[in-house]
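Okay, here's what each chain looks like letter by letter:
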Amino acid sequence: MRREETGFRKFLEDLDKAGQLTRIKNSVDCRHLSALGGDSDKAVVFENIADYPNWRVATALVSNRDRLAIAMRCDPKRIAFEFEQKSSKPIDPVLVNSAPCQEVIMEGDEVDLTRIPIPMMHLFDGGPYISGTFAISDDLNHGRNVGCYRLMYRSPTETGIDLVSPSDMRYYYQKALDKKEPLPIAIAVGVHPLDMLAASYKAPIDVDELSLAGGLRGTPLELVKCKTLDLEVPADAELILEGELLPIGWVADEGPFGEFSQISGDVKWNPIFRVKCITHRKDPIFYMLQMPWENDWLAAPVTEAAGLQALRVASVQAVDIRAPVGSCGYWSLIASIKKRPGEGKNAVAALLSVAEVKFVIVTDDDINIHNQDDLDWAIAFRVQADQDALILKGARAKHIDPSVKSWLLGKGGLPTTDKLGIDATIPEGVPKHLYRRIKIFGQDLVKLGDLT
Ligand SMILES: Cc1cc2nc3c(=O)[nH]c(=O)nc-3n(C[C@H](O)[C@H](O)[C@H](O)COP(=O)(O)O)c2cc1C
C-alpha cells in the first residue's frame, strides 16, 4: 500500500483544492513546456508529455506570494514571520527503508539523462536545464548540507552546475578539490516548496537544512539512503540524481541561463556533475521551476526572514518587512520598525549585513511598506541625504549583478559591491505632529452613498 503523500504531491493537491492548479491533458512537446507554463496564471501539471510516456511535468507552483502562502499555510503577508518562527524549531529527519523516489533505478550503462523530459527553458540558454533542485552534500567537519543549484544538460551522464557564488556547497567542493577528490552529491527534484525554502535559506554552515525543512513542514522529513552514495535523500521526492562533482575546478562553460535576476545571463565557468545513478517514481512528475518568478518568490521570504533575524540581534522591533520581487527577492529590503532614538540607523546597518541585500529602506510603523506612494512620502519628508544615507563599501556580491563587473575577475574570482541604506524614519528632534496626515473635515460623519 502506498504511504500517504506529504511532500510535492500533497502540495499539488493543496493547490488543486484552492483552485490554483490547471491540469493539461493534451500531449505537449517538451520544447514548449516553458512557454506554456509561462502563459498560465495558475500552477500547471502537464499530464501527457510527447515521447516521455511515464512522465508528467509540473510548473509555476509558487510563482506568486499567494501560492507560497498555501505552501506555508498562512496569510501571504506573514510568510517571513512564519518562516522565521518555524525555522527556529527544527525537527530532525527520520530514516526509512524503502521510498517512492527509488521505485525505478538506473545504474551504470543505464544512466541516461535524455530519458527525463528536461526542458529548454529560455531563448539564449546554453542547453536544457533542471531548474528546481534540492542538492545534498556532506562534509566531515560541518556535516550535511542542502542548497538549490541549477543543472545544465551536457550529455546523457553529465550536467553543468552553477557554483560560482559563495555557498556552503562551493566550500565543500573547494575542500574536495584541494585534495584532488570528487565531491559526492545527490540531487532531488520534486520536493515540497518548504523543503526548497529550507535549502535556499543561508543557514550557518553547521545547520542541517533537512531539520529546518522538518521544522517548516511541522513533521520530520523521511529520508532514504542513496543507492550508490553515502548520502540520504527525501523519500517522497519525484526524481533523484546520484553522482559527484568532478575535481576539475571552475573550467567548464555553463550557461547562459534565464537567471533569477530576470536577466538572460552570461556563460560562466563551473565544475561538472557526473551522474552515476538515477532513481525515480514509477509515475514521476518532473518539476520545471519557472524562472525567474518561482525562484524570486522563494527567495523573498528567505531574505525577509534573514532581515528579521538581523533586526532581532540588533534589538530593533520589526513591524513589517518586504523583499520586493522587483529586486528578485534578494537585493532590496524595506522594513518598518517601532523606533527608539537612533534605531533607524541600527536597523539600516543590520539589514545591510544580510547576504546579497544592497539597498535598504527603514521607515516608522505608520508607513505601509507595501504601498509605494506611502514609501515615497516617507523618503520625501523624513530623509536628509547627508544624515540618513549609509554607504557600505566593498561588501560581498553576486556575479550576476552586471554592475559588479565580475567578468574582470577571471575564473573562480569573487566580486564585491557597495551598498546603500536609507533611514526614512522621523529624524530625532523633529516633532511627530509635523507629520500629521490630512484628514478631510467631516469624513466620518457623512457618506455620498447615503444621498443617492
Ligand atoms: C530555485 C533556486 C535555484 C538556485 N540556484 C542556485 C545556483 O544555481 N547556484 C547558486 O550558487 N545558488 C543558487 N541558489 C541559491 C542557493 O540555493 C542558496 O544560496 C543556498 O543557501 C545555498 O545553500 P548552501 O550554502 O547551504 O550550499 C538557488 C536558489 C533557488 C531558490
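Below you will find a few notes about this structure. This structure is a prediction, so every number in the text was calculated from the model and none was measured. (Residues numbered from 1 in each chain as written. Predicted model: local features only at pLDDT ≥ 70, side-chain atom pairs only at ≥ 80, totals over all residues. Heavy atoms only, no water.)

Observations regarding the nonpolar core
And step 1. Counting 103 residues, the largest nonpolar core has Leu61, Ile116, Met169, Leu241, Leu245, Ile278 and Phe286 as the members making the most contacts within it.
And step 2. The greatest single-element share of this core, amounting to 6 residues, is contributed by strand S11 (residues 183-189).
And step 3. A domain split of this core shows at least three residues from each of domain 1 (78-281) and domain 2 (314-429).
And step 4. When sequence neighbours within four positions are dropped, the list of residues in contact with methionine 169 reads Ala135, Ser137, Asn145, Tyr149, Ile161, Leu163, Leu183, Ile185 and Leu245.
And step 5. If you look at the next biggest cluster of nonpolar residues, it comprises 22 residues, including Leu308, Val316, Ala350 and Val360. (Core = buried A, V, L, I, M, F, W, Y, C linked by side-chain atoms within 4.5 Å. Buried < 20%, exposed > 50% of the residue type's maximum accessible area, 1.4 Å probe, protein only. Helix = DSSP H or I, 4+ residues; strand = E, 2+ residues; numbered from the N terminus. Domains from an automatic or database assignment. Contact = heavy atoms within 4.5 Å.)

Regarding the sheet that holds strand S2 (residues 43-49)
And step 1. Here we have 4 strands laid out as an open sheet, ordered S1-S2-S3-S18, and mixed in their pairing. Single-partner strands in this sheet number two, and they are strand S1 (21-28) and strand S18 (285-288). Taken over all neighbouring pairs, the strand axes of this sheet differ in orientation by 25° on average, direction set aside.
And step 2. With 6 bridges connecting them, S1 and S2 associate as parallel partners. Bridge pairing links isoleucine 24 to phenylalanine 46 in S2. (Pairing = 2+ DSSP bridges. Axes fitted to C-alpha atoms, helices over the stretch in contact; angles between N-to-C directions.)

A word on the environment of glutamate 107
And step 1. With respect to the element layout, glutamate 107 can be found in strand S5 (residues 104-107).
And step 2. Along the chain, glutamate 107 and threonine 228 lie 121 residues apart, while their C-alpha atoms are 8.6 Å from each other.
And step 3. Ignoring anything within four residues of it in the chain, the contact list for glutamate 107 reads Thr228, Lys276 and Cys277.

A short note on the site of the ligand
And step 1. In the vicinity of the ligand lie 19 residues, with Asn145, Tyr149, Asp162, Asp168 and Lys202 positioned nearest.
And step 2. Between the ligand and the protein, one listed contact pairs a nitrogen atom with a backbone N or O atom of aspartate 162 at 2.9 Å.
And step 3. Serine 200 is positioned with one of its backbone polar atoms (N or O) 3.1 Å from an oxygen atom of the ligand.
And step 4. Relative to its unbound accessible surface of 640 Å², the ligand loses 95% to contact with the protein.
And step 5. For the shell around the ligand, the secondary-structure elements that each account for two or more residues are strand S8 (145-147), helix H5 (168-178) and helix H6 (193-200).
And step 6. Element by element, the count of residues in the shell around the ligand is highest for S8, at 3 residues.
And step 7. Class assignment of the residues belonging to the shell around the ligand gives a composition of 8 nonpolar, 6 polar and 5 charged. (Near = heavy atom within 4 Å. Polar contact = N/O pair within 3.5 Å; in protein donor to acceptor, adjacent residues only side chain to side chain. Areas by Shrake-Rupley, 256 points an atom, 1.4 Å probe, with all protein chains shown as cover. Nonpolar A, V, L, I, M, F, W, Y, C, P; charged D, E, K, R; others polar.)

Looking at the pairing of strand S7 (residues 133-137)
And step 1. The buried fraction of S7 is high, at 5 of 5 residues.
And step 2. Residues Thr133, Ala135 and Ser137 line one face of S7 and the alternating positions Phe134 and Ile136 line the opposite face, and both faces are buried.
And step 3. With 4 bridges joining them, S7 and S11 adopt antiparallel strand pairing. By the bridge assignment for S11, threonine 133 is matched with valine 189.
And step 4. Inspection of the sheet shows S7 paired to S8 by 3 bridges, in the antiparallel sense. Bridge pairing links isoleucine 136 to valine 146 in S8.

Points about unusual backbone geometry
And step 1. At the junction of glycine 255 and proline 256, the peptide bond is cis and its omega measures out at -5° in the coordinates.
And step 2. Position of proline 256 among the secondary structure elements: in the loop between strand S15 (252-254) and strand S16 (268-270).
And step 3. With omega at -5°, the peptide bond leading from methionine 291 into proline 292 counts as cis.
And step 4. Looking at where proline 292 falls in the secondary structure, it is placed in the loop between S18 and helix H8 (293-313).
And step 5. One non-glycine residue, alanine 60, lies in positive phi territory at about 55°.
And step 6. Its identity as a non-glycine residue notwithstanding, glutamine 262 has a phi of 70°, on the positive side.
And step 7. When you line up the elements, glutamine 262 lands in the loop between S15 and S16.
And step 8. Given a relative accessible area of 38%, glutamine 262 falls into the partly exposed group.

Describing the packing of aromatic side chains
And step 1. Under the definition given, this model contains 10 aromatic pairs.
And step 2. With a centroid separation of 5.5 Å and 55° between ring planes, the pair formed by phenylalanine 8 and tyrosine 287 is classed as tilted. One end of the pair, phenylalanine 8, is in helix H1 (residues 8-17); the other, tyrosine 287, is in strand S18, with 279 residues separating them in the sequence.
And step 3. Taken together through their ring pairs, the aromatic side chains of Phe260, Tyr330 and Trp331 make up a single cluster.
And step 4. The positively charged end of arginine 78 is found above the aromatic ring belonging to phenylalanine 81, 3.9 Å away from the centroid.
And step 5. Over the ring of tryptophan 377 we find arginine 437, and its NZ or CZ is 3.6 Å from the ring centre. (Phe/Tyr/Trp six-rings, centres within 6.5 Å; stacked < 30°, edge-to-face > 60°. Lys NZ or Arg CZ within 6 Å of the ring centre and 35° of its normal.)

Taken by themselves, the reported measurements are silent on function.
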